[in-house]
Amino acid sequence: MEGLTLRVEHLQNENGKLQNLFQEKSNINEDIRQEVSRLSSENSVCRCDLHLRVHPKQTPALPKEYLGMLEYKREDEARLIQNIITDLKPKGVAVNVIPTLPAFILFMCVRHADYLNDDNKLKSLMNGIIQGVKKVVLAHQKDFESLSFWLSNTYQLLNCLKQYSGEEQFLKQSTPRQKKNCLQNFDLSEHRQILSDLAIQIYHQLISVMQKTLTPAIVPGMLEHESLQGISSMKPTGFRKRSSSLYKDSETYSISSILQELSVFYSAMSHHGMEQSLTKQAVKQLFFLIGATTFNQIMLRKDMCSCRKGMQIRCNISYLEEWLKENELQSCGAIDTLRPLAQAAWLLQVNKSTDEDAKEIAEKCTELNPVQIVKILNSYTPIDDFEKRVTSSFVRQVQSFLQEYEGATQLMLDTDYRFQVTFPFYPSSTALESLQVPSSLRLEFLTRI
Amino acid sequence: MEFGEESSPALAFEKNAFELTVEDVYDISYVIGRDLLKISSTGEEVSDLQFRIVRVLEMFETLVNKYNLSVEELKMERDNLKAELDRIIREGSSSSGQTGVTNQLVVDLNDPNRPRFTMQELKEVLQERNQLKAQLMVAQEELQLYKSGILPQSEPTMVDVDLGTPPATEDGSSTVNEKTTIGKL
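About the cut-offs
Residues numbered from 1 in each chain as written. Chains lettered and ligands numbered in written order. Predicted model: local features only at pLDDT ≥ 70, side-chain atom pairs only at ≥ 80, totals over all residues. Heavy atoms only, no water. Helix = DSSP H or I, 4+ residues; strand = E, 2+ residues; numbered from the N terminus. Buried < 20%, exposed > 50% of the residue type's maximum accessible area, 1.4 Å probe, protein only. Contact = heavy atoms within 4.5 Å. pLDDT = per-residue confidence, 0-100. Domains from an automatic or database assignment. Expected span 1.5 Å × (residues − 1). Buried area = accessible area lost by both parts, 1.4 Å probe. Polar contact = N/O pair within 3.5 Å; in protein donor to acceptor, adjacent residues only side chain to side chain. Nonpolar A, V, L, I, M, F, W, Y, C, P; charged D, E, K, R; others polar. Salt bridge = Lys/Arg side-chain N within 4 Å of Asp/Glu carboxyl O. Phe/Tyr/Trp six-rings, centres within 6.5 Å; stacked < 30°, edge-to-face > 60°. Axes fitted to C-alpha atoms, helices over the stretch in contact; angles between N-to-C directions. Parallel < 35°, antiparallel > 145°, perpendicular 65-115°, else oblique. Left-handed = near helix turned anticlockwise from the far one by under 90°. Patch = residues over 30% accessible without salt bridge, like charges linked within 9 Å, V, L, I, M, F, W, Y side chains within 5 Å. Areas by Shrake-Rupley, 256 points an atom, 1.4 Å probe, with all protein chains shown as cover.

Chemist: Account for the overall build of chain B, with residues named and values stated.
Modeler: The number of helices and strands found in chain B is 5 helices and 0 strands. Taken from the N to the C terminus, the helices and strands of chain B come in the order α-α-α-α-α. Burial statistics for chain B: of 185 residues in total, 22% are counted as buried. Within chain B, contacts between residues separated by at least 24 positions form 43% of all contacts whose residues are at least 6 apart in sequence.

In structure tokens:
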């Protein structure tokens, strides 16, 4: 009995010690937070005052000048690839603070191999990187977080390779120091091309995964869910928690579910430091999917062709627009992809009896072809007995105004259509000399040069 | 939930230190990283600070992880020890009802019907009773004889029935009398 009591006591003591240690560390954290806010307020102070705050211990001699490279032994290459690519988790202390750090670390290794003028080492490294990224993407091809993380880092690496390539077009925004850091001996434009293709692959895989998650919510959320009874109470929420599970607990999907999922995607891409231009392209693609899927349903289902549904759709489109504004994504062209849907919804709501109406329809529905317009008119179901169906003479009237139409005549939109993705060059202001390698990345075999 | 509600990563800052999980440390890392980006324009000035923060957060992650694991381990140990303790207590209480040495009798001292006398005492009392009973029978017989007039009342022969020793004086007559008396019955 006595032994047991002793043991419990001992464990309690250990527990107490750990708690104390813990408290200490979180105090340090608090200090750091205060330091950060102090720094940010100090930053607004005139720079010439800064030297007055220099710690008296600081000697006039400069700290060690780093060149912004990372040295590694040839035999450590496999370990490097494994620790910084294959086994790296998209969530961790180092990558949460600096999401594109892996890309920079890899580039600093590339720089050193170039600096050594060792073309075997360099080639081997570049191939190792490309294979490594391919492997990790394949292993996680259904995992949105991993795909987003590696898309962001691959894009960053691509940008580094361009920025430090020495090519004129990429030097415009570089600092003098950055210009000095350019690759000296080798031209990696071929590898850049391969990397670019890889990035495109990852992007499309990412889009597929996002589409798969989003699709079940689109028709229920955009068309079926009736939220207009009490607009204020049903105002959709914006940002929710970062889980990727859709809002399924009580009712079926609503427009809120769609917005919530979009927010999850958007915030994850931001967390991974993805360049805004790429994020915007992804959002635009998703909006296209939402619009096209919803539109095709209207083409197929008569019960969706009512004035009331038209109103519902326009309401949902406005929510989507609001979401874009909240996240400062108005300029990504996403809302334009919804135009066919918006016009179809307008067509459902507008009067469809007089000649003037027919003319207006022909003029306004620029995104719809005559086949689609006629289909909607013919499918139109009045909501009550007062409303009349659209007469066939009216339809003929509209068609007469559309005689000169010379575009495509497909009824349905192609939901699989993908806009071409581009990776515009974005230089980074990061100074390679100032980068360090956090120990949690387990890259102790790298030497900071 | 309304618009503009604080996003969940920042909520980790509000938590009690001892309830933090490793996920919270990651959320904290993300928020701090974002804040650092805001104050650095060229990315140079705050780089040292940035990496020091990363270092502290790494240590923090290790501690939180270790702490949570230790708490779990301690809880399990404590539960195991408790279970063992309970078991031992239960066993201890059930063993006190058994006889330590066989062939012994447990007597409740408050019982009025508890055995109090030895076998020897019992034997002696029973013998005495038997003797007295026999004497009583003889005396009752004699009484009957006197009542029925068989025996003269003037000379009550005191026959001392002593089955133990024969009378010392007047052997013959008393013995005859004795015999006669008994014979006549």
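Additional details are given in the paragraphs that follow.
Chemist: Describe the confidence of the model for chain B, and please don't skip the residues or the numbers.
Modeler: All names here are of chain B. Taken as a whole, chain B shows an average pLDDT of 77; of its residues, 70% reach a score of 70 or greater. Per-residue pLDDT, averaged within each element of chain B, yields its smallest value for helix H5 (residues 171-184) (47) and its largest for helix H4 (residues 119-147) (93). Low confidence marks residues 1-6, where pLDDT is under 50. Its contacts with residues over four positions away, or in another chain, come to 10 contacts.

Chemist: Tell me about the domain arrangement of chain B, and name the residues and values.
Modeler: Per the domain assignment, the segments making up chain B are domain 1 (11-94) and domain 2 (117-150). Look at where the C-alpha atoms of domain 1 of chain B and domain 2 of chain B centre, and you get two points 99 Å apart.

Chemist: I'd love a proper account of H4(B), names of residues and values included.
Modeler: Taking 1.5 Å per residue, 29 residues should reach 42 Å; H4(B) reaches 42 Å between its end C-alpha atoms and fits that length. Phi for Gly149(B), located one or two positions after H4(B), is positive at around 75°.

Chemist: Explain the domain arrangement of chain A to me, and be specific about the residues and the numbers.
Modeler: Residue and element names in this part refer to chain A. Split into domains, chain A comes out as domain 1 (70-204 + 426-448) and domain 2 (276-420). Once you take the C-alpha centre of each, domain 1 and domain 2 turn out to be 45 Å apart. Taken together, the contact pairs 5 residues of domain 1 with 7 residues of domain 2. For the domain 1 and domain 2 pair, buried surface summed over both sides reaches about 520 Å², with 59% attributable to carbon and sulfur atoms. The largest contributions to the domain 1 side of the interface with domain 2 come from Tyr155, Tyr203 and His204, which together make up 81% of the buried area. Joining domain 1 to domain 2, the criterion identifies 2 residue pairs in polar contact (both at pLDDT 80 or more). The set of elements that each furnish at least two residues to the side of domain 1 that touches domain 2 consists of helix H6 (144-163) and helix H8 (189-224). Within the side of domain 1 that touches domain 2, the residues separate by chemical class into 4 nonpolar, 1 polar and no charged.

Chemist: So what about the pattern of salt bridges? Which residues, and what values?
Modeler: All names here are of chain A. All chains considered together, the criterion is met by 17 salt bridges over all chains. Residue Asp303 is joined to Arg301 by a salt bridge in which the shortest nitrogen-to-oxygen separation is 3.4 Å. The partner of Glu367 in a salt bridge is Arg339, with the nearest N and O atoms 3.0 Å apart. Here the residue Glu367 occupies a position in the loop between helix H13 (355-364) and helix H14 (370-379), and Arg339 occupies one in helix H12 (residues 339-349), the gap between them amounting to 28 residues. With a relative accessible area of 38%, Arg339 lands in the partly exposed category. Here the salt bridges share partners, and the residues they tie into one network are Glu65, Arg177 and Glu433.

Chemist: An account of the packing of aromatic side chains is requested, with residue identities and associated values reported.
Modeler: Tallying each qualifying case throughout the model produces 11 aromatic pairs over all chains. Both rings, one in Phe149(A) and one in Trp150(A), keep their centres 5.3 Å apart while their planes meet at 85°; by these two values the pair is edge-to-face. Look at Phe149(A) and you get buried, because its relative accessible area is 1%. Taken together, a centroid distance of 5.7 Å and an interplanar angle of 50° make the contact between Phe18(B) and Tyr67(B) tilted. Of this pair, Phe18(B) sits in the loop between helix H1 (8-11) and helix H2 (22-39) while Tyr67(B) sits in helix H3 (residues 47-95); the two residues are 49 residues apart in sequence, bridging distant segments of the chain.

Chemist: Got a sec to walk through helix H5 (residues 119-139) of chain A? Specific residues and values, please.
Modeler: Residues and elements named next belong to chain A. Here H5 is 21 residues long and its end C-alpha atoms lie 30 Å apart, about the 30 Å a rise of 1.5 Å per residue gives. Residues of H5 that are buried make contact with helix H2 (77-86), helix H4 (101-115), H6 and H8. Where H5 begins, one side-chain oxygen reaches toward the backbone nitrogen of Asn120, 3.3 Å away; that side chain belongs to Asp118.

Chemist: Explain unusual backbone geometry to me, using residue names and the numbers behind them.
Modeler: All names here are of chain A. At Asn117, a residue that is not glycine, the phi angle is positive and equals roughly 60°. Within the element layout of this structure, Asn117 appears in the loop between H4 and H5. One non-glycine residue, Glu328, lies in the positive phi region at around 55°. Here Glu328 is to be found in the loop between helix H11 (307-326) and H12.

Chemist: I'd like a rundown of the side chain of Asn369(A), residues and numbers included.
Modeler: Residues and elements named next belong to chain A. Within the secondary structure layout, Asn369 lies in the loop between H13 and H14. Look at Asn369 and you get buried, because its relative accessible area is 5%. At 3.1 Å, the side chain of Asn369 and the backbone nitrogen of Val371 are in polar contact. Residues contacting Asn369, with those up to four places away along its chain left out, are Tyr405, Ala408, Thr409 and Gln410.

Chemist: How would you summarise the side chain of Thr100(A) if you had to cite specific residues and measurements?
Modeler: Residue and element names in this part refer to chain A. Of note, Thr100 is situated in the loop between helix H3 (93-97) and H4. Accessibility expressed as a relative area gives 11% for Thr100, which makes it buried. If sequence neighbours within four positions are ignored, Thr100 has contacts with Ser152, Asn153, Gln156, His272 and Gly273.

Chemist: Describe the packing of H5(A) against H6(A), with residues and values.
Modeler: Residues and elements named next belong to chain A. At a closest axis distance of 10 Å, the pairing of H5 and H6 adopts a crossing angle of 160°. In terms of axis orientation, H5 runs roughly antiparallel to H6. Classified by chirality, the crossing of H6 by H5 is left-handed. Taken together, the residues of H6 that come into contact with H5 (itself represented by Met126, Ile129, Val133, Val136 and Val137) are Leu147, Trp150, Thr154, Leu157 and Leu161. Classifying every residue of the contact of H5 with H6 by side-chain character gives 9 nonpolar, 1 polar and no charged.

Chemist: Got a sec to walk through a nonpolar patch on the surface? Specific residues and values, please.
Modeler: Residues and elements named next belong to chain A. Together, Leu67, Tyr115 and Leu116 give the surface a local cluster of nonpolar side chains, amounting to about 280 Å² of exposed area. In this fold, Leu116 is placed in the loop between H4 and H5. Among the residues examined, Leu116 registers a relative accessible area of 42% and is labelled partly exposed.

Chemist: Give a description of the packing of H8(A) against H11(A) that names residues and reports values.
Modeler: All names here are of chain A. Between H8 and H11, whose axes approach to 8 Å, the crossing angle comes to 115°. Side by side, H8 and H11 meet where Gly221, Met222, Leu223 and Glu224 of the first sit next to Lys309, Gln312, Ile313, Asn316, Ile317 and Leu320 of the second. When the residues that make up the contact of H8 with H11 are grouped by side-chain class, the tally is 5 nonpolar, 3 polar and 2 charged.

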